[in-house]
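Architecture at a glance
Listed below are the residues making up each chain.
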There are 2 protein chains.
Amino acid sequence: MKLMRVTNPEDVFNIISEHFAALDKEKLSLENVGGYYLAETIYVPEDVPDFNRSTVDGYAVTARDTFGAGEGMPAMLECIGEVLMGRTAPSIKKGQCCLVHTGGMLPAEADAVIMIEDTELTGSMLQCLRQVAPGENVIHRGEDLKKGDVSLFKGRQLRSPEVGMLASLGITAVDVHRKPVVGFFSTGDELVDYSKRELKPGQIRDSNAPALLYLAEQNGAAVKYGGILPDQFDTFLEQSRTMLEEVDLLVFSGGSSVGTRDYTARTMQELGKPGLLVEGISIQPGKPTLLANCNGKPVLGLPGHPVSALNIFAIFGKSILDCLAGRKEKQFKPSIKAVLARNISSRSGRTDYVRIKLEETPDGLSAVPVFGRSGMLRTLAEADGLLVIPAEKEGLSNGEQVEVEIWE
Amino acid sequence: MKLMRVTNPEDVFNIISEHFAALDKEKLSLENVGGYYLAETIYVPEDVPDFNRSTVDGYAVTARDTFGAGEGMPAMLECIGEVLMGRTAPSIKKGQCCLVHTGGMLPAEADAVIMIEDTELTGSMLQCLRQVAPGENVIHRGEDLKKGDVSLFKGRQLRSPEVGMLASLGITAVDVHRKPVVGFFSTGDELVDYSKRELKPGQIRDSNAPALLYLAEQNGAAVKYGGILPDQFDTFLEQSRTMLEEVDLLVFSGGSSVGTRDYTARTMQELGKPGLLVEGISIQPGKPTLLANCNGKPVLGLPGHPVSALNIFAIFGKSILDCLAGRKEKQFKPSIKAVLARNISSRSGRTDYVRIKLEETPDGLSAVPVFGRSGMLRTLAEADGLLVIPAEKEGLSNGEQVEVEIWE
């Protein structure tokens, strides 16, 4: 029997970034760009704000007029009126001020704003109960964004603050890398569609397809489901070829037997050059994973056990999708601190992903491993997240502080 | 001038969970339920798997037939054939075995599977080079899910493993709490739609609306945008009343002046009972936040500064949405460990959210605060996440280990 050649997870990530690149770009209007990656660098077309703005409710003043003022010796200024929101501010002279609201424009002559609570108004005479420094409570023209500067570099993901920044510049559409389309096939003669009510002996409902389709959508992809492929090589190859033309990433899932795996591997070799890149990964659960580059398109063969399939797609499927979507920057992997509640052994040379249930205790969060075979989806559904044991470790001890990545 | 009555963040969370509850339920088909919260408890209708399955490629055997076997003294068994995937397994007798693939059904008489690599087949004679224990490499009927047990409790969020579990049970539709609809209004006479190319003096483009709409969608809501409300009380109230009837959460955003804030507060009082619950939160940025319960529906008045508005919506808007969506369980807040690169001061009694840029250094991640006013959206766009300084702390020191929540 042929031994499986396994690749380290780090090497798999490198293979992914060497072989696959951001998809072509499309122009999307601002209300649809959230989550996408920029395919152009955006320059600031004009100063933001394009006038000096107050950051508080108060009175626009010349700071010098308030110097030396205090509760015992207020500075007296003449209030000549109010800055209407969205309008040009009136002019003030030495010894004058005007009411200004948060976000309102400062008169050209004013260089500071004194907050309402630091003043007392009697008729049109304003007492300033403290002094203000030049620039105090003012956002200056161009202080947020300066004309000609880079606003956002190519490759940046457009989160809510970036969407807001583009709006503040009046930019209504940008070039982004288009969203990847993922095609899914289930494989294996034991599988039937999950909608089948009565099972025959030996049959299993295909639980991977709906779970993986949702996981792909969560990771920013559009999905296409091709159904369950029969264990017949010609049909298998033909349907895969047709699907591959329509998608950016093709995923096989479900069949866990060696026979199905062989079909999948042969198909991946036939679909295009250079073919298979990875025939197994030194990871648990999920070792029997296949990855190919078929004429520039990634094809992923997931292991059959449900927990393994989801784990591998969450790690490597996501990495491929990020690559296609145009992610340039390293992604941070946030985690939750907890104290391990059991000893866990792990084989050196293999990266282990342990399912963890987090439990609150008087001493903080306790990380309780959910043991069970990777064929049992319940063990992942019971888990709040995963604990990674790196390849160089031979396990972790009860009481150790660990970091758990939450499964969302 | 009336002083703002401020509420602690913890109290605001409690007010939210006391006043607002999960929305009514709807039945959704399995391909659409990802991310929703269950509005019913799901029981297991049948054993999963409903037959004893092999977890490996190997030979189904009676474990007793292999006892004592080893490389030097293999147990000899007659191989009577193969279990076809998705078919009933053939019968075996004492001293017999049959080939079984991963996921295949075990013959009724078999109680273990010996892996292919531990055997040698010559003709129909199989040499077992080791012994196997009863149950080895087998998932027993009902081992994943047992008929009659609770599969998933009401209130559970349906992540990918839960979607897969429901599929494995043949459940094609479930009752979930419906998705909240959020209505947004921008307020403030200085604001113009972000698509406006040429600004008049004193005008500002409305950057909050598109940023908040995306943030609401990211948090599982459907959105409705009502445009920019004028600073005229009657129109303000009338349009708000109409919108509130169509949505589950109404949000006002954009106006930062006291005048607009007053309109918003008066509107929130008029829209329904009991009216205003929160008039300010001891948080920075985002103190001038309003929250009301108007005849059972939440109405949120965000502060005008863009960073404050996004911060408050990410914390409290999300909490309201989670409540409406039916979240029962506490949510974990994953974070990234980093070393603080500066001293940060913070006023005791106020919870501070500091924008942080994470930088890689030879010693690990460095957390660099992005200073700047909350009116400047750039400061949030430059940040990878936020660092929370609890109310009881008076700051953090350069070199301290901190935890940064990533802004996604």
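What counts as what
Residues numbered from 1 in each chain as written. Chains lettered and ligands numbered in written order. Predicted model: local features only at pLDDT ≥ 70, side-chain atom pairs only at ≥ 80, totals over all residues. Pairing = 2+ DSSP bridges. Helix = DSSP H or I, 4+ residues; strand = E, 2+ residues; numbered from the N terminus. Axes fitted to C-alpha atoms, helices over the stretch in contact; angles between N-to-C directions. Contact = placed C-beta atoms within 7 Å. Nonpolar A, V, L, I, M, F, W, Y, C, P; charged D, E, K, R; others polar. Buried ≥ 20, exposed ≤ 12 C-beta atoms within 10 Å, placed from the backbone.

1. Re the sheet that holds strand β9 (residues 125-128) of chain A
Residue and element names in this part refer to chain A. Taken together, the six strands give an open sheet; going across it, the order is β7-β4-β6-β5-β9-β8, and neighbouring strands pair in mixed fashion. Taken across any chain shown, the strands that pair with only one partner, and hence form the sheet edges, are β7 (112-115) and β8 (119-122). Neighbour-to-neighbour, the strand axes of the sheet open up by a mean angle of 40°, direction not taken into account. Pairing geometry for strand β4 (residues 58-61) and strand β6 (residues 96-100), over three bridges, is antiparallel. The residue bridging Y59 from the neighbouring strand is L99, located in β6.

2. Side note on the sheet that holds strand β17 (residues 249-253) of chain A
Residue and element names in this part refer to chain A. Spatial ordering of the open sheet is given by β16-β13-β17-β21-β20-β18, a layout of six strands whose pairing is mixed. The sheet terminates laterally at β16 (222-229) and β18 (274-278), the two strands that pair on one side only. Going from strand to strand, the sheet's axes swing by 20° on average, the running direction of each strand aside. Its contacts with the sheet place helix α3 (residues 208-218) against β13 (181-187), β16 and β17, and it is angled at close to 165° to β13. In this fold helix α5 (residues 258-271) packs onto β13, β17, β18, β20 (290-294) and β21 (297-301), with an angle of close to 20° to the strand it touches most, β20.

3. Digging into the interface of chain A and chain B
In this assembly, 81 residues from chain A lie in contact with 81 residues from chain B. Per-element tally for the side of chain A that touches chain B: the top contributor is helix α2 (residues 160-168) of chain A, with eight residues. Across the side of chain A that touches chain B, the residue classes break down as 36 nonpolar, 25 polar and 20 charged.

4. Some thoughts on the environment of Y225(A)
Residue and element names in this part refer to chain A. By the secondary structure assignment, Y225 is in strand β16. Taking the number of C-beta atoms within 10 Å as the measure of exposure, Y225 has 16 and is therefore partly exposed. The spatial distance from the C-alpha of Y225 to the C-alpha of M243 is 9.3 Å, given a sequence separation of 18 residues. Not counting the four nearest positions on each side in its chain, Y225 is found in contact with F184, A209 and L213.

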